[in-house]
Amino acid sequence: MKTIIEPFKIKMVEPIKLTTRAERESMLRRAHFNVFQIPAEDVIIDLLTDSGTSAMSAEQWAGIIRGDESYAGARSWYRFEKVLRDLTGMPHILPTHQGRASERILFELIGGPGKSIPSNNHFDTTRGNIEHSGANAVDLVIDEGTKPRSRHPFKGNLDSVKLERFIEDVGAEHVPVCMLTVTNNSGGGQPVSLANIREVSAICHRHGIPFFLDACRFAENAFLIKSREPGQQNRSVREIAREMFDLADGATISAKKDGLVNIGGVLLMRDDSLAKRADNLLILTEGFVTYGGLAGRDLEAMAQGFTEVLDEDYLTYRLRSVEYLGERLLAAGVQIVEPPGGHAIYIDAAAFCPHLPPEQFPGQALVCALYARAGIRSVEIGSVMFGGVDPDTGESTRPPMELVRLAIPRRVYTQSHIDYVVEAVSEVFVHRHELRGFRILEAPPVLRHFTAKFEEL
Ligand SMILES: Cc1ncc(COP(=O)(O)O)c(C=O)c1O
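Keep in mind that what you see is a predicted model, and the values were worked out from it rather than measured.

A.B. asks: How do you make sense of the site of the ligand when you look at a structure like this?
C.D. replies: Taken together, 14 residues surround the ligand, and among them Arg100, Asn185, Asp214, Ser254 and Lys257 come closest. Arg100 has a polar side-chain atom sitting 2.7 Å from an oxygen atom of the ligand. Summarising the interface, the protein chains cover 96% of the accessible area of the ligand, which totals 390 Å² for the free molecule. Here the shell around the ligand takes three residues from helix H4 (residues 99-110), the largest share from any one element.

A.B. asks: Which parts of the structure should I look at to understand the sheet that holds strand E11 (residues 379-381)?
C.D. replies: What holds strands together in a sheet is hydrogen bonding between their backbones, with the strands either parallel or antiparallel. One open sheet accounts for three strands, arranged E9-E14-E11; its pairing is antiparallel. The open sheet has two free edges, formed respectively by strand E9 (344-348) and E11, since each of these has just one partner strand. Taken pair by pair, the neighbouring strands of this sheet meet at an average axis angle of 35°, ignoring direction. One ladder, built from three bridges, connects E11 with strand E14 (residues 403-407); its direction is antiparallel.

A.B. asks: Honestly, the nonpolar core in this entry has me stumped. Any pointers?
C.D. replies: The tendency in soluble globular proteins is for nonpolar side chains to be buried as a group. With 121 residues, the main nonpolar core has Leu213, Phe218, Met244, Phe306, Ile347 and Phe352 as its most contacted residues. It is helix H14 (residues 362-374) that provides the largest number of residues to this core, a total of nine residues.

A.B. asks: Explain the layout of surface pockets here, please?
C.D. replies: Empty pockets left among the atoms are what a rolling probe the size of a water molecule brings to light. Taken as a whole, the largest pocket encloses approximately 1,400 Å³ of empty space. For the largest pocket, the lining is made up of 38 residues, of which Met12, Glu14, Ala55, Arg411 and Val412 are closest to its centre. Sorting the residues of the lining of the largest pocket by element identifies strand E1 (45-46) and helix H2 (58-66) as the ones contributing at least two each. Residues that form the lining of the largest pocket fall into these classes: 21 nonpolar, eight polar and nine charged. Taken as a whole, the second largest pocket encloses approximately 1,100 Å³ of empty space. Along the walls of the second largest pocket sit 35 residues, with Asp124, Arg127, Met385, Phe386 and Gly387 positioned nearest its centre. Tallying contributions element by element places helix H5 (residues 124-132) first for the lining of the second largest pocket, with six residues.

A.B. asks: Please clarify how the pattern of salt bridges should be interpreted in this entry.
C.D. replies: In this structure the tally under the stated criterion is 32 salt bridges. Here Asp246 ties to Arg242 by a salt bridge, and the two come within 2.9 Å at their closest N and O atoms. In this pair, Asp246 and Arg242 both sit in helix H9 (residues 237-246), four residues apart, roughly one turn of the helix. The salt bridge involving Glu442 is made with Lys453; its shortest N-O contact spans 3.9 Å.

A.B. asks: For this particular structure, what's the right way to read the side chain of Asp159?
C.D. replies: Tracing the backbone through its elements, the reader meets Asp159 in the loop between strand E4 (136-139) and helix H6 (160-170). The side chain of Asp159 sits in the buried core without any salt bridge; Lys162 is the nearest counter-charge, 4.0 Å away. At a separation of 3.0 Å, a polar atom in the side chain of Asp159 contacts the main-chain amide nitrogen of Val161.

A.B. asks: What am I meant to see in a nonpolar patch on the surface here?
C.D. replies: A surface patch of nonpolar side chains, amounting to about 280 Å² of accessible area, comprises Val446, Leu447 and Phe450. Here Val446 is to be found in the loop between strand E15 (438-442) and strand E16 (453-456).

A.B. asks: It is not clear to me how the packing of H6 against helix H7 (residues 194-206) should be interpreted in this structure. Could you clarify?
C.D. replies: When two helices pack together, their arrangement is captured by the angle between the axes and the distance separating the axes. At their nearest, the axes of H6 and H7 sit 10 Å apart, and the two run at 15° to each other. In terms of orientation, H6 lies roughly parallel with respect to H7. Between H6 and H7 the crossing geometry is right-handed. On H7, the residues touching Ser160, Leu163, Glu164 and Ile167 of H6 are Glu199, Val200, Ile203 and Arg206. For the contact of H6 with H7, the class distribution of residues is four nonpolar, one polar and three charged.

A.B. asks: Whenever I open this one, the packing of aromatic side chains confuses me. Can you help?
C.D. replies: Two measures describe an aromatic ring pair: the distance that separates the ring centres and the angle between the ring planes. Applying the stated criterion across every chain yields a total of 12 aromatic pairs. Between Phe33 and Phe438, the aromatic rings sit 5.2 Å apart at their centres with planes inclined by 55°, giving tilted as the arrangement. Residue Phe33 is found in the loop between helix H1 (21-30) and E1, and its partner Phe438 is found in strand E15; the two are separated by 405 residues along the sequence. You'll find Phe33 and Phe438 in the same group, each marked buried. For the pair Phe218 and Phe306, a centre-to-centre distance of 6.0 Å together with 35° between the ring planes defines the contact as tilted. A residue pair is termed long-range when its members are at least 10 positions apart, and Phe218 in helix H8 (residues 218-228) and Phe306 in helix H11 (residues 296-308) qualify at 88 residues. Take Phe218 and Phe306: they sit in the same class, and that class is buried.

A.B. asks: Just checking my understanding: could you explain the sheet that holds strand E5 (residues 178-181) for this structure?
C.D. replies: Reading across the sheet, the five strands line up as E2-E8-E7-E6-E5 and stay open at both edges, with mixed pairing between neighbours. On the outer flanks of this sheet lie strand E2 (92-96) and E5, each paired with one strand and no other. Averaged over all pairs of adjacent strands, the angle between strand axes in this sheet comes to 15°, irrespective of strand direction. Relative to strand E6 (residues 211-214), E5 is paired through four bridges, and the arrangement is parallel. Paired with Thr181 across the strands is Asp214, a residue of E6. Here helix H3 (residues 75-88) sits on the sheet and contacts E2 and strand E8 (265-269); the angle it forms with E2, its principal contact strand, is near 125°. H7 contacts E5 and E6 of the sheet and is inclined by roughly 145° relative to E6.

A.B. asks: Help me understand the state of the cysteines, please; the structure alone is not making it clear to me.
C.D. replies: Each disulfide is one covalent bond, formed between the sulfur atoms of two cysteines. This model, assessed by the stated rule, comprises zero disulfides. Of the cysteine sulfurs around Cys204, a residue in no disulfide, the closest is that of Cys178, at 3.9 Å. Relative accessible area serves as the criterion here: at 0%, Cys204 is assigned to the buried category.

Calculation rules
Residues numbered from 1 in each chain as written. Predicted model: local features only at pLDDT ≥ 70, side-chain atom pairs only at ≥ 80, totals over all residues. Heavy atoms only, no water. Near = heavy atom within 4 Å. Polar contact = N/O pair within 3.5 Å; in protein donor to acceptor, adjacent residues only side chain to side chain. Areas by Shrake-Rupley, 256 points an atom, 1.4 Å probe, with all protein chains shown as cover. Helix = DSSP H or I, 4+ residues; strand = E, 2+ residues; numbered from the N terminus. Pairing = 2+ DSSP bridges. Axes fitted to C-alpha atoms, helices over the stretch in contact; angles between N-to-C directions. Core = buried A, V, L, I, M, F, W, Y, C linked by side-chain atoms within 4.5 Å. Buried < 20%, exposed > 50% of the residue type's maximum accessible area, 1.4 Å probe, protein only. 1 Å grid on protein atoms, 1.4 Å probe; cavity = no way out; pocket = protein on both sides within 12 Å on 5 of 7 lines; lining within 4 Å. Points joined across faces, edges and corners; volume = space filled by probe spheres on them. Nonpolar A, V, L, I, M, F, W, Y, C, P; charged D, E, K, R; others polar. Salt bridge = Lys/Arg side-chain N within 4 Å of Asp/Glu carboxyl O. Lys, Arg positive; Asp, Glu negative; His and termini not counted. Patch = residues over 30% accessible without salt bridge, like charges linked within 9 Å, V, L, I, M, F, W, Y side chains within 5 Å. Parallel < 35°, antiparallel > 145°, perpendicular 65-115°, else oblique. Left-handed = near helix turned anticlockwise from the far one by under 90°. Contact = heavy atoms within 4.5 Å. Phe/Tyr/Trp six-rings, centres within 6.5 Å; stacked < 30°, edge-to-face > 60°. Disulfide = S-S within 2.5 Å.

Shown next as structure tokens:
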């Protein structure tokens with residue numbers, strides 16, 4: 001069958017308020033053209049993020065009721081620990097309230113001035129936490145990873161030649177960890193191949209450098225390995241995921257993605273002495289080691305989510321639905337980062353608005369047009385998010401791509417919602433020459449995309 005069906009029935013519904021174009025235009029003006037400032041109830045289809053926006057299953061909600069709220073050694077903790085141990089094989093499993101809490105604990109312990117931490121692409125909170133510790137965050141994705149039209153199946157791969165050169169340049173003793181983001185969110189949600197994970201792991205271990213995964217979307221990455229990597233078709237996604245973790249010395253995970261929950265995170269590691277120090281920091285800043293800043297019910301929902309996410313019928317629907325959105329946009333003439341990755345479609349905003357130079361923020365223009373046209377909320381990943389001023393030279397810095405991300409929440413929207421998005425983007429595309437650029441009126445020095453105020457040119 002060609003029709004993509006959601007492999008679930010809907011038991012509970014959340015109404016969507018259908019606003020008018022005039023209402024949305026006035027909302028945009030009030031929000032200073034920053035969609036982060038628009039109340040969610042005034043959004044028709046919210047594709048701002050796939051993080052923490054999943055719909056939970058009946059079993060997860062049942063787990064919420066079953067949650068054991070004992071302070072130490074709760075039943076829910078043991079269930080969570082068993083699920084994570086079976087999945088990853090890691091001896092040390094620390095629950096945290098979300099991914100960045102895991103990052104903060106890790107980099108507070110092993111980061112610091114004079115250290116450099118490579119990755120394919122660091123996600124913004126990962127980079128932020130590394131830099132906050134005083135260390136240097138370095139992106140070493142393969143060159144194809146920055147070419148939107150390249151159909152390389154694993155554009156999230158880390159360039160092993162660049163990694164060897166980097167280690168030689170800075171010295172292995174200054175590299176406390178090498179990260180690999182699976183899938184590579186900041187690089188277009190592109191997967192990393194198993195061959196690349198094996199290679200990066202081997203390089204790190206040859207130099208005595210610990211190797212950690214940023215494994216928020218490990219299941220989607222494992223499914224894309226199964227679909228695209230020669231020789232992997234007959235393995236289960238669970239088996240592939242386990243090999244990914246077996247190759248690593250630890251992982252940071254935001255459970256708000258493939259954990260299929262609205263809040264939660266995990267920090268995993270093999271090193272006993274590092275784990276002891278991490279436990280102490282966890283107790284100091286998050287909570288006791290058997291709950292880590294979460295309620296027992298959250299641990300239950302995570303345990304169930306990390307189990308359900310490996311259901312291959314779910315993953316087939318999930319990945320096919322994202323791919324379908326990509327195919328339809330390409331057919332309408334819209335250029336996207338190809339091939340579609342796991343959790344989102346990234347529109348090439350520079351190609352969409354060739355009349356707008358990067359300093360007029362073409363991505364921001366598209367984000368605002370999609371909201372005004374159809375109430376769709378997306379996010380700019382380009383010169384607003386990653387541009388700025390070099391503190392040393394005073395010159396403007398620009399990322400290699402101007403993208404707009406349409407992130408698809410898990411199990412939330414149906415096929416007809418996706419068709420609505422296709423129709424809206426296609427209509428804005430027909431009128432793309434009318435889109436106007438923007439200027440930043442006011443912005444904080446870091447993570448400016450959340451609160452910047454814009455003015456239409
Ligand atoms: C790749 C990656 N790493 C880390 C994080 C941070 O996770 P959290 O938002 O739970 O702190 C995210 C969140 O989007 C992410 O996509």
